[in-house]
Amino acid sequence: MTKFEDARVLIVGLGLIGGSIARGLKRKNPKQTIIACDCDSGQIAAALESKDVDQVFGIDDLPKACAEADLVVVALPPQATATILPSLESSCNERAIITDVASVKGNVVESAKKLPVEFSARFVPGHPIAGSEKSGYLASKGDLFEGRNIILTPLDNNSPEALQLVTAMWTILGANMLAMSVQRHDEVLAATSHLPHLLAYSIVDVLAKQEKSGDIFRYAAGGFADFSRLASSDARMWSDIFVANRVASAEVLGAMITALQALKTALETSPDTRLGTDLHALFSDAKRTREAFINTHFNPTANTHMNGKSVVFIAGQSGANLPQVKGRVRVPGDKSISHRAIIFGAIAEGRTEVSGFLEGEDALNTVAAFRELGVTIVGPENGKLSIIGVGRDGLCAPRKPLYMGNSGTAMRLLSGLLAAQQFDSELSGDESLTKRPMARVVEPLRLMGASIDAQAGGRPPLQIAPAKLHGIHYAMPMASAQVKSCLLLAGLYADGVTEISEPGICRDHTERMLEGFGYPLTRSADGSTVSLEGGHALKATTIDVPSDISSATFFLVAAAICPGSDVVLEHVGINPTRTGVINILKLMGADISILNPRSVGGEPVAELWIKYAPLHGVTIPESQIPLAIDEFPALFIASAVAQGETVLRGAEELRVKESDRLAAMAAGLERIGVDCEMFTDGIRISGDPEARFAAAEIDSQGDHRIAMAFAIASLKAAGELRILNCANVATSFPNFVELSSKLGLEIRVEHA
Ligand code: S3P
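Quick look at the structure, then.

To continue, consider the overall build of the chain. Helix and strand content of the chain: 26 helices and 32 strands. Rg of the C-alpha trace for the chain: 29 Å, near the compact-globule value of 27 Å for 752 residues, within the 12% margin. Along the three orthogonal principal directions, the C-alpha set of the chain runs to about 85 × 75 × 50 Å. Relative to its full complement of 752 residues, the chain shows a buried share of 55%. Put simply, of all contacts in the chain between residues at least 6 apart along the chain, 77% involve residues at least 24 apart. A total accessible area of about 30200 Å² is found for the chain, and carbon and sulfur atoms account for 54% of it. Here the chain holds 69 positive side-chain charges and 86 negative ones, and the gap between their average locations is 1 Å.

For the rest of this paragraph, the subject is the sheet that holds strand β22 (residues 529-533). Spatial ordering of the open sheet is given by β19-β20-β22-β21, a layout of four strands whose pairing is mixed. Strands at the two margins of the open sheet, each flanked by one partner only, are β19 (473-475) and β21 (522-523). Here β21 runs beside β22; their pairing, made up of two bridges, is antiparallel. Within β22, the position partnered with R523 by the bridge is V530.

Quick look at the packing of helix α14 (residues 335-347) against helix α15 (residues 361-372) now. Between two packed helices, the angle of one axis relative to the other and the distance separating the axes together describe the packing. Contact geometry of α14 with α15 gives a least axis separation of 9 Å together with a crossing angle of 10°. When the interaxial angle is binned, α14 and α15 end up roughly parallel. Two secondary-structure elements touch here, α14 through K335, S338, H339, I342, I343 and A346 and α15 through D362, A363, T366, V367 and F370.

At their nearest, the axes of helix α16 (residues 408-419) and helix α18 (residues 481-491) sit 6 Å apart, and the two run at 25° to each other. One way to sum up the angle between α16 and α18 is to call them roughly parallel. When you trace α16 past α18, the crossing you get is right-handed. The residues of α18 that touch α16, namely those facing G408, T409, R412, L413, S415, G416 and L417, are Q482, S485, C486, L489 and A490. Residue classes in the contact of α16 with α18 are distributed as five nonpolar, six polar and one charged.

The next thing to look at is empty space enclosed by the protein. Scanning all chains against the criterion turns up three cavities of 30 Å³ or more. Considered as a void within the structure, the largest cavity measures approximately 60 Å³ in volume. Surrounding the largest cavity, L152, T167, M177, L178, A179, R371, G374, V375, T376 and I377 form its lining. For the lining of the largest cavity, the elements supplying multiple residues, two or more each, are β9 (176-179) and β13 (376-381). A total of three residues in the lining of the largest cavity trace back to one element, the largest contributor, which is β9. Looking at side-chain class alone, the lining of the largest cavity contains six nonpolar, three polar and one charged residues. One number sums up the size of the second largest cavity: a volume of about 40 Å³. What lines the second largest cavity is simply P160, L163, Q164, G374, T376, I388, G389 and V390. Of all the elements in the fold, those that place two or more residues in the lining of the second largest cavity are α7 (160-172) and β14 (384-390). When grouped by side-chain class, the residues that make up the lining of the second largest cavity number four nonpolar, four polar and no charged.

Cut-off values and rules
Residues numbered from 1 in each chain as written. Predicted model: local features only at pLDDT ≥ 70, side-chain atom pairs only at ≥ 80, totals over all residues. Heavy atoms only, no water. Helix = DSSP H or I, 4+ residues; strand = E, 2+ residues; numbered from the N terminus. Rg over C-alpha atoms; globule rule 2.2 N^0.38 Å. Buried < 20%, exposed > 50% of the residue type's maximum accessible area, 1.4 Å probe, protein only. Contact = heavy atoms within 4.5 Å. Areas by Shrake-Rupley, 256 points an atom, 1.4 Å probe, with all protein chains shown as cover. Lys, Arg positive; Asp, Glu negative; His and termini not counted. Charge placed at Lys NZ, Arg CZ, Asp CG, Glu CD. Pairing = 2+ DSSP bridges. Axes fitted to C-alpha atoms, helices over the stretch in contact; angles between N-to-C directions. Parallel < 35°, antiparallel > 145°, perpendicular 65-115°, else oblique. Left-handed = near helix turned anticlockwise from the far one by under 90°. Nonpolar A, V, L, I, M, F, W, Y, C, P; charged D, E, K, R; others polar. 1 Å grid on protein atoms, 1.4 Å probe; cavity = no way out; pocket = protein on both sides within 12 Å on 5 of 7 lines; lining within 4 Å. Points joined across faces, edges and corners; volume = space filled by probe spheres on them.

These results come straight from atomic positions and should not be treated as a statement about function.
In structure tokens:
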């Protein structure tokens, strides 16, 4: 495969984008051979003068230019791109990789698909989300793509080598890689880029036509200049874009016209106070949305991960009668399995197709991390994504620390994978993750020969240097699926056998998934020991992610505490290493049935049907703790409504989750008037089926599961529960409020 620095790059079209690629590549590596081809002698002269290109050709000499190139970048408007592809097919050498930059992909991909598959396998459609209202070579800038997004819309038959070479070019130019389906790309761009241009051109046109006296433009100031900036863009290119993307553009324009029509009607007919209130609400929402966008995309130093201090849930039931929870819902995909699908899909050979993927922040951070490691991941779109695996040795060095957000799982699993790579890396996270213990993975990884450093007290960030690993036999001091999975990932690359034994059964998604990827693995009959030998390959597969039982738990508990409730949760993962919550709730008297059990891609799945039945307190068996480790915040709410005492001991692990969950829950329970006593390793809760919890303000401490547990508690509250710091609910259950409302809960969201 051609290494990028040895590739001779041909740029067809020396406008703003083509010129910026030439300048950027030359700036990064003066030895890179850059060839250019353009129909405008002025652009050619400017490029030659700037010394950013080594060789230039007029458009009539395109075949000659192509013959020289290993990578051809077509930097033309969408229609011209679609038109030129057949001549590239006949002129390029049979190994050359071809990409483009057109901002509409549908017509370009259609044209590529008509060409022989040997060519289309080497054509990677792409689109840099960068540009300016200025055009032409003289407006081009070597740093135009620094920190900007590039969207690839890979063809099904694209070769991994083609994707890797194109990714390498954009990575060198400082860009971040994304990938989408063609259709989604064209819809998204119609909304976010094409519509604003259409409106800018059209507002200038409307005003110009109304202009009689010259007054309008005479008094126009900053607002008009800001809004109409896009109308200075290249008219030929933009008319070309709208012809190429007319369907999606017309659709979003339709939505815009409906909204404008509603505004016009309101201006004409609404009473003043009503109009003022409605406009204020609309403008406030829009202002907040724009500011969040600007902060995330244009202000990289702003701390956008403030542990969710700004989102407040106000949960309380307004009806006179006690609420009942009723309905049928499917909660989002399993977080553990979603992380693992990305990790294993990335290092497999071939294309792994995933459905039911959790589009929550934690799993999306894992997607972003693997993109930074050079893996093309298309999606997620409606829970579906495609991972184009780079093989076990195909990951590339990241250019920056990999941000794991709130996720201990992602950090611990990636530490095992990265410890075995031949490049440096760093893993960082948010405020909560920065406090979590990493010695539990750092120490055994060092025993395997890893070179890995944590901060004082074994906390993140983790710095990882290249190392050659060897297998170990490791008896984990705690039943941790994260530690086990971390070491198994490192073991894939280690010399010899890695064997891990666990003191109590913990989730086995890694083992099941490795088997699904065809990796040989040995498990002891009781499941307490697993071993593998390094050096085998993983083969791409199909993964259907079940719904997350940890998210389903909140609605199980909601139904379990409200008389008359009846809920069905669809397609829930019931892996026996995860069903502690069902076992414990049943022990407490809950009426739960498992309907239609089946196996989906190696994981057991079923519908869970829960009908209200009175609960009683229990002593939670220690063997159930690892099987219900994430479910305790919700289980504590069930305990507060159960008759008698519930006691949990031996659960010190709860102190080192996204928050100290024993302390956070005990504090919240006390505030709503529940009698409880916290121990170093557990809690005692005195339940009362008749009690109404007190209205209170509760700090979820940025822990998604604490926030959702108290939202459920509101079903039994006498007044409103105001739950602070809830933004992290989006890490695991982005549509929690929406699904809660479908089942009859009332939760309002405030952005403080
Ligand atoms: C997880 C394992 C559990 C769990 C976490 C996800 C996993 O942590 O709490 O939310 O995906 O492996 P431990 O393995 O540390 O108990």
